[in-house]
Amino acid sequence: MQIGFIGCGAIFSHYANVIKNHIPNISIVSVCDVDKSKRESVESIKGAKFYTNIHEMIDQEKLDACFILTPSGVHYEHSKICLNAGINTFVEKPIALKIEDALELNKLAKENSVALGVVYQNRFNKPIKLVKQLIDDGLFGKRVLTSVRLFWSRNNEYYQGWRGTWALDGGVMAQQAIHHLDMLQWLNAPVDKVYCMEKTMINNLEAEDTAIGTILFQDGSLGCFQVTTAARPKDLEASITILGGNGYIEIGGLALNEIKDINITGMKRGGKDMIDEHSESVDKGFGNGHITYLKQVYNSFSSGKIEPPVTGEDAVCSLKLVQALYMSSE
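Let me sum up the structure you'll find in this document. (Residues numbered from 1 in each chain as written. Predicted model: local features only at pLDDT ≥ 70, side-chain atom pairs only at ≥ 80, totals over all residues. Heavy atoms only, no water.)

Remarks on helix 5 (residues 99–111)
And step 1. Taking 1.5 Å per residue, 13 residues should reach 18 Å; helix 5 reaches 19 Å between its end C-alpha atoms and fits that length.
And step 2. For helix 5, the set of buried residues is Asp101, Ala102, Leu105, Asn106, Leu108 and Ala109. The buried residues of helix 5 occupy an angular sector of 160 degrees when the element is viewed end-on, so they sit on one face. Every exposed residue of helix 5 that faces more than 90 degrees away from the buried side is listed here: Glu100, Lys107, Lys110 and Glu111.
And step 3. Trailing helix 5 by a residue or two, Ser113 shows a phi angle of about 55 degrees, which is positive. (Helix = DSSP H or I, 4+ residues; strand = E, 2+ residues; numbered from the N terminus. Expected span 1.5 Å × (residues − 1). Buried < 20%, exposed > 50% of the residue type's maximum accessible area, 1.4 Å probe, protein only. Arc of directions from axis to C-beta.)

Structure, rendered in C-alpha cells:
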C-alpha cells in the first residue's frame, strides 16, 4: 500500500514511526510541505520523495491513499484536491472548519467513488472501546450524565503563527478538546440542545482558550464539559466520566488511555477485574490509537477496498456539535 502525506508538522513524525514500527507493509512514497527545510527529514525515510507542490506530487505519484496533516483551515482545500484526483483521503481532525465544506467533501468522495476518513484516534483506545461495548450492551442502564474535563497547558509560544486563529485553527473546543467533545456525542444519543460560555483567559490568541458547556441529549440525559489550555504550569487532566442507573466508569490518563475507576451492577467485582486489561500506557498525548486506525485502513486495503475507520459523515457530527457550541457562546 502506497501512501502520501500533505503536511509535515509534528504529527507527521508520529505517523512515520507508527508505520515503521507497526505496519511496515504501508510505504510512505511522498510527502508535500511548503517548508523546504523538511526535505532532509522526509528523504531519510526509505523510498519517500519530498514535494513542495501538491499538484506535482499527485501527478507524479501513484497513491492508494493520502493523509492530510496541514492546518485545520486548509483541510477542506487540500482534501478537495485529493478527492477530485480520485485518491482515498484521510484527514486529521477536524474534517474542516465549516459544516458546508465538510458536507461538500463527503459529496465529492461519493461522486469519485473513493474513501473519505477522519482521524479520531481516541475512539480506538482500549478503555474507550470497552466503554462503547458496555453502552451497546446496555450495562449502564438509564443514562444520567457524561462529563468531560480537559485541563491542558499551552503557552504563547505554542500560539505563534496560525495556531489559535479563526481562519486556520480555532480555540480549545475546535482543536485540543475536539477529541473529547467527539466522545460526548459519539457515546451518547443524538444532541438536542447545547449551552456554552467561552473566553480567552491568559493565552494570546484570537479564539478561546477556556470553555464550559452543557448538552441535553435526545434520550433526556445530560452532558457537561470544562476545557482549557490555560492550565499552569503543565497538563493536569484529560478525563471522561459516565454515570448511569447501574453504575459508572471514569477514564483518564494522558490520552484517555486508563480506566481510573469502574463500578457497574451485574459485573464481576463491578468491573474492576477489567481495569488492567483495558488500560494502556502511552508515551505522548497522541496515544496509541493511530496504530489501530492505520492497521484497519491497511487491512481494508488488503481485502480489496479501503474503508475508513471513522468516515467523513461520522466527522460531521462532531463538527456540528463544535459549531453549535460556538453559536451558543456568541
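Section: the packing of aromatic side chains
And step 1. Inspection of every chain in the model, using the stated rule, returns 10 aromatic pairs.
And step 2. Ring centres 5.5 Å apart and planes at 65 degrees place the aromatic pair Phe5 and Tyr15 in the edge-to-face group. Here Phe5 is found in strand 1 (residues 2–6), whereas its partner Tyr15 is found in helix 1 (residues 10–22), with 10 residues between them in sequence. An identical accessibility class is assigned to Phe5 and Tyr15; each is buried.
And step 3. When the centroid spacing of 6.5 Å and the interplanar angle of 40 degrees are considered together, the rings of Tyr298 and Phe301 count as tilted. Pair noted here: Tyr298 and Phe301 are both in helix 8 (residues 289–302), with a separation of three residues, about one helical turn.
And step 4. Take Tyr298: its relative accessible area is 19%, and that puts it in the buried class.
And step 5. Over the ring of Trp186 we find Lys132; its NZ or CZ atom is 5.4 Å from the centre of that ring. (Phe/Tyr/Trp six-rings, centres within 6.5 Å; stacked < 30°, edge-to-face > 60°. Lys NZ or Arg CZ within 6 Å of the ring centre and 35° of its normal.)

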